[in-house]
Amino acid sequence: MRSEAEFDEQNESMLAAIWQRHRPVVIERICLLDRAAAAAMEGTLNVEMREEAAGTAHKLAGSLGMYGYDEGTRLAQEIEVMLLEDSVAEPMRLWELAVELRRAVFPVM
Amino acid sequence: MKRILIIDDEEDIREVAALCLETIAGWEILTASSGSEGILVAAQSSPAPDAILLDVMMPGMDGPTTFQQMQENAALASIPVLLLTAKVQGVDQRRFAGMGFAGVLFKPFDPLTLAVQIAEKLGWVAI
């Protein structure tokens, strides 16, 4: 078994390359959560969009921490829990979480 | 050398898991992007995989359904299966309990410790 240090030296760039390749997908997913939060604020979030957004939050929660974005995973989990309810009880909170998530993963966006 | 099959619809999960398991543990990695493809890859693998990492939420056939179909295939039924899930709610823990999985691993995983986690769950002493 190789050491963690050896992994770091040999594969950190490969992990970074995987992140860079999948970055557009992550951006697209975060934008979808933004749209869902905006729709919730406007009272136009339908069941289909809510379920799609919950699934998207689930995918983000399961992957962001793998790249070191632990706060991103935590925020995505919180968003998922809110979206799994039949209706979003606190649309403003959902919006805040979506903004926090974007900032946690892409500070300059 | 261990041979591991990763079944997950998320491409980057498959890539990162394969990268760290190949590099840190030196295992041979097979991948599939769906339950049905995973069953096919497992059945065609010679030798059979030593273990399968199986995502829970996938479009089409989900992880538990994929596992049930593997259990009905004599050639695959004895392969230990570890569930890979981002779910942590108690309801899922109860759903998975008693289904015969070798264990549950949670996403996001730490690339540096995934191999050790797998080895521990499966009782593999040295990797």
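Whatever comes next refers back to the structure up there.
These numbers were taken from a predicted model, which means no experiment stands behind them.

**Q** Would you mind showing me how to read the overall build of chain A here?
**A** Counting its regular elements, chain A contains 4 helices and 0 strands. Sequence-ordered secondary structure for chain A, helices as α and strands as β, is α-α-α-α. When the backbone C-alpha atoms are referred to their principal axes, chain A occupies close to 50 × 25 × 20 Å. For chain A, with 109 residues in total, the buried portion stands at 43%. Within chain A, contacts between residues at least 6 apart in sequence are counted, and of these 63% link residues at least 24 apart. Of the accessible surface of chain A, which amounts to about 5900 Å², a share of 51% is contributed by carbon and sulfur atoms. If you average the places of the 11 positive and of the 20 negative side-chain charges in chain A, the two averages end up 5 Å apart.

**Q** Where do I start with the nonpolar core in this structure?
**A** Across soluble globular proteins, nonpolar side chains show a tendency to be buried alongside one another. Within the largest apolar cluster, 56 residues are counted, with the highest numbers of intra-cluster contacts made by Leu 101 of chain A together with Leu 21, Trp 27 and Ile 118 of chain B. The element best represented in this core is helix α1 (residues 4–42) of chain A, accounting for 10 residues. Residues contacting Leu 21 of chain B, with those up to four places away along its chain left out, are Ile 4, Ile 6, Gly 26, Trp 27, Ile 29, Leu 53, Leu 114, Ala 115 and Ile 118 of chain B.

**Q** Hey, could you run me through the pattern of salt bridges in this one?
**A** Pairing is possible between side chains that carry opposite charge, provided their charged atoms lie close to one another. Residues and elements named next belong to chain A. One pass over the structure, following the stated rule, counts 13 salt bridges over all chains. When the shortest N-O distance is used, the salt bridge between Glu 78 and Arg 74 registers 3.1 Å. On the criterion of helical spacing, the pair formed by Glu 78 and Arg 74 is a turn pair, its members being 4 residues apart in helix α3 (residues 70–83). A residue is classified by how much of its surface remains accessible, and Arg 74, at 37% relative accessible area, is partly exposed. Among the salt bridges present, the one from Arg 93 reaches Glu 96, with a minimum N-O distance of 3.5 Å. Of this pair, Arg 93 and Glu 96 both sit in helix α4 (residues 91–105), 3 residues apart, which is roughly one turn of the helix.

**Q** I tried to follow helix α5 (residues 114–122) of chain B on my own but got confused; where do I start?
**A** Within an α-helix, residues lying three or four positions from one another point in the same direction, as the helix has 3.6 residues per turn. Residue and element names in this part refer to chain B. When we look at burial in α5, the residues that qualify are Leu 114, Ala 115, Ile 118, Ala 119 and Leu 122. Mapping the buried residues of α5 onto a view down its axis gives an arc of 135 degrees, with all of them on the same face. Of the surrounding elements, those touching the buried residues of α5 are α1 (11–25), β3 (51–55), β4 (81–85) and β5 (103–106). Positive phi shows up at Gly 123, right after α5, with a value of about 70 degrees.

The rules behind these values
Residues numbered from 1 in each chain as written. Chains lettered and ligands numbered in written order. Predicted model: local features only at pLDDT ≥ 70, side-chain atom pairs only at ≥ 80, totals over all residues. Heavy atoms only, no water. Helix = DSSP H or I, 4+ residues; strand = E, 2+ residues; numbered from the N terminus. Buried < 20%, exposed > 50% of the residue type's maximum accessible area, 1.4 Å probe, protein only. Contact = heavy atoms within 4.5 Å. Areas by Shrake-Rupley, 256 points an atom, 1.4 Å probe, with all protein chains shown as cover. Lys, Arg positive; Asp, Glu negative; His and termini not counted. Charge placed at Lys NZ, Arg CZ, Asp CG, Glu CD. Core = buried A, V, L, I, M, F, W, Y, C linked by side-chain atoms within 4.5 Å. Salt bridge = Lys/Arg side-chain N within 4 Å of Asp/Glu carboxyl O. Arc of directions from axis to C-beta.

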